Amino acid sequence: MTITTSTAAAPQRRIDRNTLVTYGVSAVVFLIVAAPLLPIIYQSFIDRPIYDIGHELTSANYIRLFTSPEFLSALQNTIVIAVLATIISQVVGAAGAILVTRTDLPLRRMFGQVLLWPFFVSSLVLSFGWFMMYGPAGFLSMWMRTIFGHIPWNLYSIGGMALVAGITHAPLAMLYCMATATSIDPSLEEAARVSGAKPMRILRTVTLPLLTPAIVYSGLLNFMGAIEMLSVPIILGEPVGISTLTTFIYTNGVSASQPDHGLVGTAAVLMLLLILGLIFMQNRFLSGATRFVTVGGKAVRPRILSLGAWRWPAFTIIGLYALLMVILPLAMLLLRALVRFLNPAVSIVDVFTFEHFTEILTTPIYQRAIVNTIIVAATAGGIGTLLCLFTALISQRSTMRFRGQLQYLALFPKSIPGIVAGIGFFYAMAVLPGSEYLRAGLGVLILAYVMRYLPAGFGAIQPALMQISPELDRAGRTIGADWLSVVGNILAPLLRPAMLACFTLLFVAFVKEYSIAVFLISPGNEVIGSTLLSFWLHGEMGSVAALCCIQITIIMIFMFIARRVLRVPATLR
Amino acid sequence: MAEVIARNLSRRYGEYIAIEDVSFHVKDGEFLTLLGPSGCGKSTTLGILAGLDRPDEGHLSIGGEVFFDGLTGVFVDAERRNLGLVFQTYALWPHMTVRDNVGYALRIRRIPRAEREKRIREALALVEMEQFIDRYPSQLSGGQQQRVALARTLAYNPRILLLDEPLSNLDAKLRDKARSWLRQLQTQLGVTTIFVTHDQIEALALSDRIAVMNKGRIVQIGSPREIYEEPASTFVADFIGTTNLIRGQVSEIADGIATITLSDGQSLRAVARSDLVAGGVALVACRPERIEVATTDAAGQNVLRARLIERTYLGARVLYEFGAAGNSIKVETPCELPEEADLHLPVDHCIAFPATEASTG
């Protein structure tokens, strides 16, 4: 026996490195989730801003909020827009998914790509595209006015906001429906065909009902997404005074000369409760969802249904949608970025310019915003991936006493809207001692981003972890490796693809992110999203368009590297 | 190597009792099998031995070192026990080659590279897998993976070897070969081995002793011969091999031999268990291969008249199913048997159990 056997009978050290890491990670997760929440709740019950001295407890904020006509109308607008947007996104998503995956629609592969584009572009960028194309001074609007003498639509309306919000959320519905649609057993459709049903009838009576769980589940996600969206209402609603919960918080907390933090904190608490309630409903739905299961786990090669006489009408409808709703607004951004001004009466060649790009790429503060965005996305992506990895490992594969609570905690930020997370960290920085260091640099942005996206990152890693047999770690333990060695030598290497997918997901989300940042930006710490908003406030549309193009380019380059070099599997969420 | 002492180990998961009051003593170099149906607690017991699960009560020491004690609160983590565990699924790490799989434990123990390589090769030579050293587990067959899994645990000279149904994923032919190979290797190394299986043939062929488990408890512990020939309960008799259980009334007990009267008035004699009482209901256990047709000179024989129900041809033997007084009696023999026969059940091979145990299996 050449091996020195362990000194096992000796009383064990209570604190070893495994305890240190498991409890350390749990403490970090607890702190970054609790840090923003507690100050918001506190703020809603005190009579002055949290950073002033001499707080007195009061319920006046709640009374003021519920008697404020602005708040009540914002609440109503939010609900109406979210309902309409969800209907639009689910109809478009389900129809798109069915046509692309189950039928002989011409160019269906191309449509499968184009309809998902809004997923990779932030809703802020798409809103700008819509504004420049269909807004009151938009390119197509002006063209319409020249021909017909008036503009037949009004983008600055509840309907206009709901339409744009619905389009930005449609890809999520489509992804969920596509995942289900590709695994439907084709014999279910063939049975209907043998019984004499025509293609459209089959799609309506067999395929669509099978997609119901996917439509309802993604619908709830999209409904929550529409409620917490800041971009569309701020671009398309604020100019005409249509406010929503997010813009109510934004105008009272950021752009007002005298921020009313009593109202802001209270509105944030209410928004949090609203989303929590929706998540509760979602979980209820999920627990009852197993009886919907009609599709096997096997990835069957779906046989395609012939649309017959509907082939070309369907192609026309989906083609017009892709062109008018997605391609044109994005193309508009590129065009607008390359001209001094746009007017249907002036030839584009005469006003062609690169000055918007050169201005952004040579002005230090704009350069800094781009560099900051990449630094924040990469750092927060890296930290977030590691934190999600350890959270998943501790909650699923350790014996730590609080592992169940840890998982619950890590998933909780799902219910914290981005803007509320921003306010929470803003308040936390105001009260926590020593936080000025975090505030001075990009630290607080990174923390806030990581916190808000913990559930998304956890969702990217946890399913992969469940695929790895626990016997692999038990084998490591009996052989003599402690928990951390098992993690480092066995689980982490096996989870490498999931970690890369997680990093990709987080990086892209962080490049697009802006609503968390609006409360946390200070001079020197701007990111692309906040710079876009300030360009827009100053009416510099050429710069807005150019910076949008730069943001899209960063995401495209990163996705290319991720797919080709890092071989990240094409999972999105 | 080491001896294993387990005393009164219990493990509950909420209301569910996984094991209760499990005690055994495995001598140095001995091969003990934990045998029982699925859910009997044998894998829980193995997990507790390995340190992957913490029992609620009891005491466990291996090689003189206390690994668990419910009273003093001592619990040693799996990685500090220096035991070898081979899993049913082999649990080879898919991202490591055979060399890295086998060498991982040596790396953890900071063995220098040259020494490590030598010991990897030794361990692989032991299981005749040297030529596969650079393969990944996915490039090996089931039998080869099983050998590598064994080499992986042997590489660091574990105190004892724990085997969790390592043969169950092999096909029948390969399993027979692997079984005798495993037994030879264990004898050659002299390592104390605890083997978990639900396969009684494996248990009988491999073990020095067998601990039969049912519903979280050890119901009998003994040599394969003892377990087979002298089962302690109808459960053991029925679980190990096939046995006939014939129901009747105890009419008398004399000199350890009970006379059992069947419902049709026929009677049988059988070795009485100590807890058998006259007047009670008994189950007489007798192996099918022990039963034969009574010779014409029937004096002193234990004879039962029975009628043939079914005949199944098994190749080397024929399995007959007879009926007598509502009992099914199986007889396994190469001979041809008539439609109606006087069956001779040798008294030394008949055991009478009290029929208090609700079921016969």
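The rules behind each value
Residues numbered from 1 in each chain as written. Chains lettered and ligands numbered in written order. Predicted model: local features only at pLDDT ≥ 70, side-chain atom pairs only at ≥ 80, totals over all residues. Heavy atoms only, no water. Helix = DSSP H or I, 4+ residues; strand = E, 2+ residues; numbered from the N terminus. Buried < 20%, exposed > 50% of the residue type's maximum accessible area, 1.4 Å probe, protein only. Contact = heavy atoms within 4.5 Å. Lys, Arg positive; Asp, Glu negative; His and termini not counted. Charge placed at Lys NZ, Arg CZ, Asp CG, Glu CD. Buried area = accessible area lost by both parts, 1.4 Å probe. Salt bridge = Lys/Arg side-chain N within 4 Å of Asp/Glu carboxyl O. Polar contact = N/O pair within 3.5 Å; in protein donor to acceptor, adjacent residues only side chain to side chain. Axes fitted to C-alpha atoms, helices over the stretch in contact; angles between N-to-C directions. Left-handed = near helix turned anticlockwise from the far one by under 90°. Nonpolar A, V, L, I, M, F, W, Y, C, P; charged D, E, K, R; others polar. pLDDT = per-residue confidence, 0-100. Pairing = 2+ DSSP bridges. Parallel < 35°, antiparallel > 145°, perpendicular 65-115°, else oblique. Phe/Tyr/Trp six-rings, centres within 6.5 Å; stacked < 30°, edge-to-face > 60°.

## Digging into the overall build of chain B
Working step 1: Counting its secondary structure elements, chain B contains 8 helices and 21 strands.
Working step 2: Projected onto the principal axes, the alpha-carbon positions of chain B cover approximately 75 × 50 × 35 Å.
Working step 3: For chain B, the residues scored as buried account for 52% of the 361 residues in total.
Working step 4: When contacts within chain B are restricted to residue pairs at least 6 apart in sequence, those whose partners lie at least 24 apart make up 65%.
Working step 5: Treating the 40 positive side-chain charges of chain B as one cloud and the 47 negative ones as another, the clouds have centres 8 Å apart.

## Regarding the interface of chain B and chain A
Working step 1: Counting from both sides, the interface comprises 35 residues of chain B and, opposite them, 29 residues of chain A.
Working step 2: Sorting the residues of chain B by area buried against chain A places E79, R80 and W93 of chain B first, and these three jointly supply 23% of that buried surface.
Working step 3: Counting across the interface, chain B meets chain A through 1 salt bridge.
Working step 4: In this structure, the salt-bridge partner of E79 of chain B is R477 of chain A, at a minimum N-O distance of 2.8 Å.
Working step 5: Where chain B touches chain A, the interface holds 7 residue pairs in polar contact (both at pLDDT 80 or more).

## Considering unusual backbone geometry
Residues and elements named next belong to chain B.
Working step 1: Even without being glycine, D21 reaches a positive phi, approximately 55°.
Working step 2: If you trace the backbone, D21 turns up in strand β2 (residues 16-26).
Working step 3: Residue D21 is classed as partly exposed on the basis of its relative accessible area, which comes to 40%.
Working step 4: Backbone geometry at K215 places phi at a positive 50°, although glycine is not the residue there.
Working step 5: You can see K215 is positioned in the loop between β10 (209-214) and β11 (217-222).
Working step 6: What makes K215 exposed here is its relative accessible area of 69%.

## Details of the packing of helix α23 (residues 470-479) of chain A against helix α24 (residues 483-494) of chain A
Residue and element names in this part refer to chain A.
Working step 1: Packing of α23 against α24 leaves a shortest axis separation of 9 Å and a crossing angle of 145°. The handedness of the crossing between α23 and α24 comes out as right-handed. From α23, L472, D473, G476 and R477 reach across to α24, where they touch W483, V486, I490, L491 and L494.
Working step 2: Of the residues assigned to the contact of α23 with α24, the class counts are 6 nonpolar, 1 polar and 2 charged.

## A closer look at the confidence of the model for chain A
All names here are of chain A.
Working step 1: In this model, chain A carries a mean pLDDT of 86, and residues with pLDDT of at least 70 account for 93%.
Working step 2: Counted against residues more than four places away or in other chains, residues 1-12, with its pLDDT under 50, gives 25 contacts.
Working step 3: Within the model, pLDDT remains below 50 along residues 290-299, and this stretch shows 7 contacts once partners closer than five positions in the same chain are excluded.

## Considerations on the sheet that holds strand β15 (residues 281-286) of chain B
All names here are of chain B.
Working step 1: Spatially, 5 strands are ordered β12-β13-β14-β21-β15 in a closed barrel, and the strand pairing comes out mixed. Adjacent strand axes in the sheet meet at a mean angle of 55°, parallel and antiparallel pairs treated alike.
Working step 2: The pairing of strand β12 (residues 244-254) with β15 spans 6 bridges and is antiparallel. Across the sheet, Q249 pairs through a bridge with V281, a residue of β15.

## Examining the packing of helix α1 (residues 17-44) of chain A against helix α21 (residues 443-452) of chain A
Residues and elements named next belong to chain A.
Working step 1: Remark: α1 packs on α21, axes separated minimally by 10 Å, with the N-to-C direction vectors making an angle of 100°. With respect to their mutual orientation, α1 and α21 come out roughly perpendicular. Taking contact as the criterion, the partners of I32, V33 and P36 in α1 are, on α21, L447, V450 and M451.
Working step 2: Its residues assigned to classes, the contact of α1 with α21 shows 6 nonpolar, no polar and no charged.

## Some details on the environment of Y23 of chain A
All names here are of chain A.
Working step 1: Within the secondary structure, Y23 is located in helix α1.
Working step 2: On a C-alpha basis, the gap between Y23 and W117 in space is 41 Å, while along the polypeptide they are 94 residues apart.
Working step 3: Those residues in contact with Y23 that sit more than four places away from it in its chain are M400, R401 and F402.

## Focus on the packing of aromatic side chains
Working step 1: Going through the model one piece at a time under the given rule, you end up with 27 aromatic pairs over all chains.
Working step 2: With a centroid separation of 5.9 Å and an interplanar angle of 45°, the aromatic rings of F426 of chain A and Y427 of chain A are classed as tilted. Like Y427 of chain A, F426 of chain A is buried.
Working step 3: Both rings, one in F31 of chain B and one in F195 of chain B, keep their centres 5.7 Å apart while their planes meet at 45°; by these two values the pair is tilted. Of the two residues, F31 of chain B is situated in strand β3 (residues 31-35) and F195 of chain B in strand β9 (residues 192-197); the sequence distance between them amounts to 164 residues.
Working step 4: You can call F195 of chain B buried: its relative accessible area is 0%.
Working step 5: Taken together through their ring pairs, the aromatic side chains of F128, F131, Y156 and W536 of chain A make up a single cluster.

## A closer look at the pattern of salt bridges
If the charged atoms of two oppositely charged side chains come close together, the side chains can form a pair.
All names here are of chain B.
Working step 1: The full count for this structure, using the stated rule, is 30 salt bridges over all chains.
Working step 2: Linking E117 and R121 is a salt bridge whose minimum nitrogen-to-oxygen distance equals 3.3 Å. A residue pair is termed a helical-turn pair when its members lie 3 or 4 positions apart in one helix, as E117 and R121 do in helix α3 (residues 113-126) at 4 residues.
Working step 3: Owing to a relative accessible area of 27%, E117 belongs among the partly exposed residues under this scheme.
Working step 4: Residue D176 is joined to R179 by a salt bridge in which the shortest nitrogen-to-oxygen separation is 3.1 Å. Residue D176 and its partner R179 are located together in helix α5 (residues 172-189), separated by 3 residues, close to a single helical turn.
Working step 5: With a relative accessible area of 44%, D176 lands in the partly exposed category.
Working step 6: The network of salt bridges with common partners includes R99, E117, R121 and D134.

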